[in-house]
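Examination of the molecular architecture
What follows is the residue order along each chain.
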Amino acid sequence: MRYRKLGSSDLEVSEISLGSWLTYSGGVEADRTRACTEAAFDAGITFFDTANVYGRGAAESAWGEILSAHPRDSYVLATKVWGQMSDDPADRGLAPAQIARQIDASLTRLRTDHVDLYQAHRFDPDVPIEDTVEALQKVVQQGKARYLGFSEWTPEQIGAAIAIAGPELFVSSQPQYSMLWQAPEAEVFGLCADNGIGQVVWSPLAQGVLTGKYRPGEPVPEDSRFASESMGVARDIVYHDDALEAVQRLVPVAEGAGLTLPTLALAWVLRRGEVASAITGASRPEQVHANAAASGVRLTDDVLAAVDEALGDVPVTGPTLASLARAGVRHR
Ligand SMILES: NC(=O)c1ccc[n+]([C@@H]2O[C@H](COP(=O)([O-])OP(=O)(O)OC[C@H]3O[C@@H](n4cnc5c(N)ncnc54)[C@H](OP(=O)(O)O)[C@@H]3O)[C@@H](O)[C@H]2O)c1
């Protein structure tokens, strides 16, 4: 496993990291959650990404139990705040009182006194940005988080926060980024690089679509994410005929390069220096090891050109947030 520096911070993150969104929030049983997480340590993965809203605390609790058996300085821990945490519609967002309550609840569940990275899961237009920035800074001043980041903020929202608190406010951005979803390259990579903000990207395998397991015109495999009611909630973002056909065109490209499809897809994401880590999901430990093998794989210009040709005009390249809204992405 290779490691990269996260933005202007002194955090070193593994190029491949592990996330717990639909998997360890309840979709994957406890034994497998433990096996996947331990496989990550075995493979040299040191960066773990979760959120308060994943299973409304369940994902953080699962990892609190498992990660607390490892020395705290042996891994970089990231969580997030914003999503709705109870049936009360007001129990969400980035108001100062909510941030103060949620960081304490996250730390309790994660069984630690600090996270390395605290991320605003989305922007909250109902709270003055000055208040949100001050509340996030307070979390750092209190030693409850070492660094701050955001996920899926627009360039305008990022710029407004930086105008208030300077570029040192944030060290990371968490956009969706994969061969099938390339919008952040144009939308936020440059702005972030100019301000010492690294990218830690989500769904780099397009939730499994880029592994080639879903074939056009065939039923979804029984043991896959999109066969599961609880884990298939965001299927429409990446699962459509054009995408499945493009992935089949990538098969000979991967074979020609002597790579598996997941390795090709993850190495493609990591070809960009702005990307500090690809946050993968895994439902079984073998996937963790298979994905970790992508670290250090370099793609030649010929392979990159063949990838572009195979993808054709499939990738989403429009503004990220608008695309997400169109796709109806949910965060429960
Ligand atoms: N900031 C945000 O708004 C946001 C949103 C979404 C996700 N995230 C973060 O990003 C993380 C990763 O998202 P993701 O789970 O969608 O990532 P992903 O890596 O694109 O997809 C993971 C899924 O693909 C399948 N898979 C993974 N490796 C495989 C392999 N080698 N061979 C075959 N199938 C494989 C598994 O599903 P099956 O085996 O079940 O088919 C696995 O659960 C999340 O856990 C979370 O931390 C953040």
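As the structure is a prediction and not an experimental result, all values here were calculated from the model.

**Observations regarding the overall build of the protein**
What the protein contains, in helices and strands, is 12 helices and 10 strands. In summary, the protein has a C-alpha radius of gyration of 19 Å against a globular reference of 20 Å for 332 residues, a match within 12%. Structurally, the protein occupies a C-alpha span of about 50 × 40 × 35 Å along its principal axes. Here the protein, with 332 residues, has 58% of them falling under the buried criterion. Expressed as a percentage of contacts within the protein between residues at least 6 apart in sequence, the contacts between residues at least 24 apart total 79%. Summed over its atoms, the accessible surface of the protein is roughly 13400 Å², and 48% of this surface lies on carbon and sulfur atoms. Within the protein, one finds 28 positive and 44 negative side-chain charges whose respective centroids are separated by 3 Å.

**Topic: the pairing of strand E3 (residues 16-19)**
The alternating pattern of E3 places Ile16 and Leu18 and Ser17 and Gly19 on opposite faces, both of which are buried. Inspection of the sheet shows E3 paired to strand E10 (residues 275-280) by 3 bridges, in the parallel sense. In the strand pairing of E10, Leu18 is matched with Thr280. In terms of strand pairing, E3 meets strand E4 (residues 47-49) through 2 bridges, oriented parallel. Paired with Leu18 across the strands is Phe48, a residue of E4.

**Considering the pattern of salt bridges**
If the charged atoms of two oppositely charged side chains come close together, the side chains can form a pair. Following the criterion strictly, the structure yields 13 salt bridges and no others. The shortest N-O distance in the salt bridge between Asp104 and Lys144 comes to 2.8 Å. With Asp104 in helix H4 (residues 96-110) and Lys144 in the loop between helix H5 (129-141) and strand E7 (145-150), this pair connects stretches of sequence that are 40 residues apart. What makes Asp104 partly exposed here is its relative accessible area of 36%. Put simply, Glu185 and Arg271 hold a salt bridge, and the shortest N to O gap is 2.9 Å. One end of the pair, Glu185, is in helix H7 (residues 183-194); the other, Arg271, is in the loop between helix H9 (261-270) and E10, with 86 residues separating them in the sequence. Relative accessible area serves as the criterion here: at 32%, Arg271 is assigned to the partly exposed category. Several salt bridges share partner residues, and in doing so they unite Asp10, Arg72, Asp116 and Arg146 into one network.

**Brief notes about the UniProt feature "domain: NADP-dependent oxidoreductase" (unreviewed entry) in the protein**
Mapped onto this structure's residue numbering, the UniProt feature "domain: NADP-dependent oxidoreductase" (unreviewed entry) falls at residues 15-310. In residues 15-310, the share of helix is 42% and the share of strand is 13%. The end C-alpha atoms are 25 Å apart.

**What to know about the side chain of Ser106**
Residue placement: Ser106 occurs in helix H4. Judged by its relative accessible area of 0%, Ser106 is buried. In contact with Ser106, not counting residues within four places along its chain, are Asn52, Glu60 and Thr79.

**Considering the side chain of Arg109**
Looking at the secondary structure, you find Arg109 in helix H4. In this structure Arg109 comes out as buried when scored by relative accessible area, which is 18%. The contacts of Arg109, once residues within four sequence positions are left out, are Asn52, Gly57, Glu60, Ser61, Gly64, Met85 and Gln102.

**Comments concerning empty space enclosed by the protein**
Going through the model one piece at a time under the given rule, you end up with 2 cavities of 30 Å³ or more. The wall of the second largest cavity is formed by Leu180, Trp181, Ile237, Val238, His240, Val314 and Val316. Grouping the constituent residues of the lining of the second largest cavity by class yields 6 nonpolar, 1 polar and no charged.

Conventions used here
- Per-chain numbering applies: the sequence of each chain, read as written, is numbered from 1 onward.
- Reporting in this predicted model follows two pLDDT cut-offs: at least 70 for local features of residues, and 80 or more for side-chain atom pairs to be given and counted; totals over whole chains, interfaces and linings ignore these cut-offs and use all residues.
- Where side-chain values are given, they derive from all heavy atoms of the structure, hydrogens and water being excluded.
- In DSSP terms, a helix is any run of H or I states spanning at least four residues, a strand is any run of E spanning at least two, and both are numbered starting from the N terminus.
- Only C-alpha atoms enter the radius of gyration, while the globule expectation follows 2.2 Å times N to the 0.38, with N the number of residues.
- Think of it in three bands: with a 1.4 Å probe and only protein chains considered, a residue is buried below 20% of the maximum accessible area for its type, exposed above 50%, and partly exposed in between.
- The contact definition used throughout considers only heavy atoms, calling two residues in contact when any of these lie within 4.5 Å.
- Where accessible areas are quoted, they stem from the Shrake-Rupley method and a 1.4 Å probe; at the residue level, only the protein chains shown are allowed to cover.
- Working convention for charge: Lys and Arg count positive, Asp and Glu count negative, and His plus the chain ends are omitted.
- All charge positions are set by atom: Lys at NZ, Arg at CZ, Asp at CG, Glu at CD.
- When DSSP finds two or more bridges between a pair of strands, those strands are recorded as paired.
- By definition here, a salt bridge exists when the distance from a side-chain nitrogen of Lys or Arg to a carboxyl oxygen of Asp or Glu is within 4 Å.
- UniProt positions are given in the numbering used here, feature names are shortened, and annotations may be inferred rather than shown by experiment.
- Grid points spaced at 1 Å and placed over the protein atoms alone form the basis of the search, with a cavity being a set where a 1.4 Å probe fits but cannot get out and a pocket an open set showing protein on both sides within 12 Å along at least five of seven lines. Lining residues have an atom within 4 Å of a point.
- Grid points are joined across faces, edges and corners, and a volume is the space filled by probe spheres set on the points.
- Residues are grouped as follows: Ala, Val, Leu, Ile, Met, Phe, Trp, Tyr, Cys and Pro are nonpolar; Asp, Glu, Lys and Arg are charged; every other residue, Gly included, is polar.

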